[in-house]
Amino acid sequence: MRVLVVEDERLLADLIARWLRGEAHAVDVAYDGDAALERLGVNDYDVVVLDRDLPVVHGDDVCRALVDSGAQARVLMLTAAAEVGDRVAGLSLGADDYLPKPFAFAELAARVLALGRRSRPAAPPVLNRAGITVDLPRREVYRNGRYVALSRKEFATLAELMRADGAVVSAEHLLEKVWDEHADPFTAAVRVTILKLRRKLGDPPIVETVPGDGYVIR
């Protein structure tokens with residue numbers, strides 16, 4: 001999934017991003033509300049982890065702007081305030097979930113995953129196609145019963161191809177969902193990752209290249 005972390009405490013923001021990247025998400029980071037609005041204007045996110053008390057542009061205003069834009073991104077709001085009234089206020093702005101600080105990173109990651117599932121058409125937790133099994137919660141892959149060890153990027157790329165359910169997935173879509181905003185649009189990262197996937201998944205090859213369009217698992 002593509003996730004935006006908006007948190008003015010830089011150390012905390014970077015720790016959240018590192019944890020989520022470890023869960024195979026593509027993560028961008030903004031340290032104030034203005035930077036968040038800028039990124040939301042150019043990128044499509046599945047989930048936004050949004051601190052409420054932001055400098056420059058308050059988190060409440062960022063949440064309102066996101067909701068008013070009609071974007072499909074789900075919002076997980078963070079705040080140091082733990083009173084019920086604060087939680088109600090955050091949810092009334094359009095936030096989908098609310099997590100008071102301090103929090104466990106594992107819980108935050110689980111909430112992000114749950115929200116991400118709601119931002120897309122429903123998909124089963126275990127995907128099966130062409131002899132490939134992708135267990136999303138466990139991040140495990142099997143081909144005809146044989147376990148296949150994949151890197152985070154390889155797993156996320158395969159998951160996107162499997163979610164497409166036989167439709168062609170463009171390299172641009174993979175860059176958007178698997179890599180972060182620092183990825184060069186002309187990079188060969190997608191092609192290299194697909195080559196590695198083919199090698200690890202073995203013969204016969206199941207990831208097809210559709211010239212000019214992208215990749216597909218039929």
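Residues numbered from 1 in each chain as written. Predicted model: local features only at pLDDT ≥ 70, side-chain atom pairs only at ≥ 80, totals over all residues. Heavy atoms only, no water.

From N to C terminus, the chain includes eight helices and eleven strands. The C-alpha atoms of the chain give a radius of gyration of 18 Å, which matches the 17 Å a tight globule of 218 residues would have. Counting only residues that meet the buried cut, the chain has 44% of its 218 residues in that class. Sequence separation of 24 or more characterises 58% of the internal contacts of the chain that already satisfy a separation of 6 or more. Counting every atom, the chain has about 10700 Å² of accessible surface; 52% of that belongs to carbon and sulfur. If you average the places of the 29 positive and of the 34 negative side-chain charges in the chain, the two averages end up 8 Å apart. (Helix = DSSP H or I, 4+ residues; strand = E, 2+ residues; numbered from the N terminus. Rg over C-alpha atoms; globule rule 2.2 N^0.38 Å. Buried < 20%, exposed > 50% of the residue type's maximum accessible area, 1.4 Å probe, protein only. Contact = heavy atoms within 4.5 Å. Areas by Shrake-Rupley, 256 points an atom, 1.4 Å probe, with all protein chains shown as cover. Lys, Arg positive; Asp, Glu negative; His and termini not counted. Charge placed at Lys NZ, Arg CZ, Asp CG, Glu CD.)

Moving on, we get to the domain arrangement of the chain. Per the domain assignment, the segments of the chain are domain 1 (2–119) and domain 2 (126–217). Computed over C-alpha atoms, the centres of domain 1 and domain 2 are 27 Å apart. Taken together, the contact pairs 14 residues of domain 1 with eleven residues of domain 2. Carbon and sulfur atoms make up 40% of the area that domain 1 and domain 2 hide from each other, which totals about 1000 Å². Sorting the residues of domain 1 by area buried against domain 2 places R2, A24 and A26 first, and these three jointly supply 40% of that buried surface. If you look at where domain 1 meets domain 2, you find one salt bridge. Linking D46 and K177 is a salt bridge whose minimum nitrogen-to-oxygen distance equals 3.1 Å. (Domains from an automatic or database assignment. Buried area = accessible area lost by both parts, 1.4 Å probe. Salt bridge = Lys/Arg side-chain N within 4 Å of Asp/Glu carboxyl O.)

All right, on to the packing of aromatic side chains then. The tally for this structure, following the rule as stated, stands at three aromatic pairs. Between W19 and F105, the ring centres sit 5.6 Å apart and the planes meet at 20°, which makes this aromatic pair stacked. Note that W19 is positioned in helix α1 (residues 10–22) and F105 in helix α5 (residues 105–119), a separation of 86 residues in sequence. Overall, the relative accessible area of 37% leaves W19 in the partly exposed class. Residue class for F105 comes out partly exposed when judged on its relative accessible area of 24%. Ring geometry for F103 versus F105: centroids 5.8 Å apart, planes at 85°, classification edge-to-face. Clustering of aromatic rings is evident, with ring pairs tying together W19, F103 and F105. In this arrangement the basic side chain of R10 is found over the ring face of Y31, its NZ or CZ atom lying 4.0 Å from the centre. (Phe/Tyr/Trp six-rings, centres within 6.5 Å; stacked < 30°, edge-to-face > 60°. Lys NZ or Arg CZ within 6 Å of the ring centre and 35° of its normal.)

Its place among the elements puts T193 in helix α8 (residues 189–201). Setting aside residues up to four positions removed in sequence, T193 forms contacts with K153, E154, T157 and W179.

When you line up the elements, K177 lands in helix α7 (residues 171–178). Residue K177 is classed as buried on the basis of its relative accessible area of 11%. A polar side-chain atom of K177 sits 3.1 Å from a polar atom in the side chain of D46. (Polar contact = N/O pair within 3.5 Å; in protein donor to acceptor, adjacent residues only side chain to side chain.)

Moving on, we come to the packing of helix α6 (residues 152–163) against α7. When two helices pack together, their arrangement is given by the angle between the helix axes and by the axis-to-axis distance. Where α6 meets α7, the closest approach of the two axes is 10 Å, and the angle between their N-to-C directions is 125°. Here α7 runs oblique to α6, going by the angle between their axes. As α6 runs across α7, the sense of the crossing is right-handed. Listed contacts from α7 to K153, A156, T157 and E160 of α6 are H173, L174, K177 and V178. Its residues placed into classes, the contact of α6 with α7 shows three nonpolar, two polar and three charged. (Axes fitted to C-alpha atoms, helices over the stretch in contact; angles between N-to-C directions. Parallel < 35°, antiparallel > 145°, perpendicular 65-115°, else oblique. Left-handed = near helix turned anticlockwise from the far one by under 90°. Nonpolar A, V, L, I, M, F, W, Y, C, P; charged D, E, K, R; others polar.)

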